[in-house]
Amino acid sequence: MAVPAATRSGGIHAPPWLGIYLNDHLVAATASVGLARRMNRRHRRSAYGGELARLTAELVQDRRSLLWCMASLDVPVRRGKLRASRAAERTARLTPGSRPRRRTGVNTLVGLEALRIGVEGKTLLWRSLLAVAVHDTRLRTDRLAELLERAGQQLTALDSLHSRAASALIAAEGPV
């Protein structure tokens, strides 16, 4: 990986691709937080409630950590991109009759799978930022390593939730 060009003041400019990359991850993190919050509300009193509450809090913290990384690297947040993604996500949740979709056990499985995909992407983000941190001291490698480890723990928790939800769904359906 090339070392970013130095500014006149001795700092380092983030390359243009990094701003695009981080803003794309911010969009994904924002969508993941929204999905986690909805699932947390829906399952507050279920067997999944405690784990979903913890995961939601961690996803919120991870999004804040991404914003901190962006600020540290002087990468501006592209608010238009965030607004467009939020509008698209809200539209996708509606049926043609403008009513929210009915929730089922399948929706829980799909939601957990979507959260897992988001955490997998975030894992790759933290790895990429660790590679950038080798060349840019504005990023804290110890914090990025902690975030990477936590993402691994989140994947394990999501796998467990998914297995439990799949088993519950199959048990509810009964024999075919």
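For the structure, check the block above.
Residues numbered from 1 in each chain as written. Predicted model: local features only at pLDDT ≥ 70, side-chain atom pairs only at ≥ 80, totals over all residues. Heavy atoms only, no water.

## Quick notes on the overall build of the chain
Phase 1: What the chain contains, in helices and strands, is five helices and zero strands.
Phase 2: Counting from the amino terminus, helix and strand elements in the chain follow one another as α-α-α-α-α.
Phase 3: Buried residues in the chain amount to 35% of all 176 residues.
Phase 4: Look at the contacts in the chain between residues 6 or more apart in sequence, and 75% of them connect residues 24 or more apart. (Helix = DSSP H or I, 4+ residues; strand = E, 2+ residues; numbered from the N terminus. Buried < 20%, exposed > 50% of the residue type's maximum accessible area, 1.4 Å probe, protein only. Contact = heavy atoms within 4.5 Å.)

## Points about the environment of alanine 114
Phase 1: Inspection of the secondary structure assignment puts alanine 114 in helix 4 (residues 105-133).
Phase 2: For alanine 114, a relative accessible area of 34% puts it in the partly exposed group.
Phase 3: In this structure, the C-alpha to C-alpha distance between alanine 114 and alanine 36, residues 78 residues apart in sequence, is 9.6 Å.

## Observations regarding the pattern of salt bridges
Phase 1: Applying the stated criterion across every chain, the model contains 10 salt bridges.
Phase 2: Residue glutamate 51 pairs with arginine 164 through a salt bridge whose shortest N-O separation is 2.4 Å. With a gap of 113 residues between them, glutamate 51 in helix 2 (residues 49-72) and arginine 164 in helix 5 (residues 141-173) connect regions that are remote in the sequence.
Phase 3: Residue arginine 164 is classed as partly exposed on the basis of its relative accessible area, which comes to 31%.
Phase 4: Its salt-bridge partner being arginine 116, residue aspartate 159 comes within 2.4 Å of it at the nearest N-O pair. Linking aspartate 159 in helix 5 with arginine 116 in helix 4, this pair joins segments that are 43 residues apart in sequence.
Phase 5: Judged by relative accessible area, which is 23%, arginine 116 ranks as partly exposed. (Salt bridge = Lys/Arg side-chain N within 4 Å of Asp/Glu carboxyl O.)

## So, the environment of alanine 172
Phase 1: Relative to the helices and strands, alanine 172 is located in helix 5.
Phase 2: Overall, the relative accessible area of 65% leaves alanine 172 in the exposed class.

## Examining the nonpolar core
Phase 1: Ranked by internal contacts, the top residues of the largest apolar core, which has 39 residues, are Leu22, Leu66, Trp126, Leu129, Leu139 and Leu144.
Phase 2: Counting residues per element, the ones that place at least two in this core are helix 1 (16-42), helix 2, helix 4 and helix 5.
Phase 3: Ignoring sequence-local partners within four residues, the contact set of leucine 22 consists of Leu66, Met70, Leu73, Val75, Leu125 and Leu129. (Core = buried A, V, L, I, M, F, W, Y, C linked by side-chain atoms within 4.5 Å.)

## Section: the side chain of histidine 43
Phase 1: Among the secondary structure elements, histidine 43 is positioned in the loop between helix 1 and helix 2.
Phase 2: Beyond its immediate chain neighbours, meaning those up to four positions away, histidine 43 contacts Tyr48, Gly49, Leu52 and Thr108.

## Some details on the packing of helix 1 against helix 4
A pair of packed helices is characterised by two quantities: the angle between their axes and the separation of those axes.
Phase 1: Packing of helix 1 against helix 4 leaves a shortest axis separation of 10 Å and a crossing angle of 150 degrees. Considered as vectors, helix 1 and helix 4 are oriented roughly antiparallel to each other. As for how helix 1 packs across helix 4, the hand of that crossing is left-handed.
Phase 2: A breakdown of the residues in the contact of helix 1 with helix 4 according to their chemical character gives 14 nonpolar, seven polar and one charged. (Axes fitted to C-alpha atoms, helices over the stretch in contact; angles between N-to-C directions. Parallel < 35°, antiparallel > 145°, perpendicular 65-115°, else oblique. Left-handed = near helix turned anticlockwise from the far one by under 90°. Nonpolar A, V, L, I, M, F, W, Y, C, P; charged D, E, K, R; others polar.)

## Some points on a positive patch on the surface
Phase 1: A grouping of Arg37, Arg41, Arg42, Arg44, Arg45 and Arg64 is seen on the molecular surface, where their side chains present a positively charged patch.
Phase 2: With three residues, the top contributor of residues to the positive patch is helix 1.
Phase 3: In this structure arginine 42 comes out as partly exposed when scored by relative accessible area, which is 33%. (Patch = residues over 30% accessible without salt bridge, like charges linked within 9 Å, V, L, I, M, F, W, Y side chains within 5 Å. Areas by Shrake-Rupley, 256 points an atom, 1.4 Å probe, with all protein chains shown as cover. Lys, Arg positive; Asp, Glu negative; His and termini not counted. Charge placed at Lys NZ, Arg CZ, Asp CG, Glu CD.)

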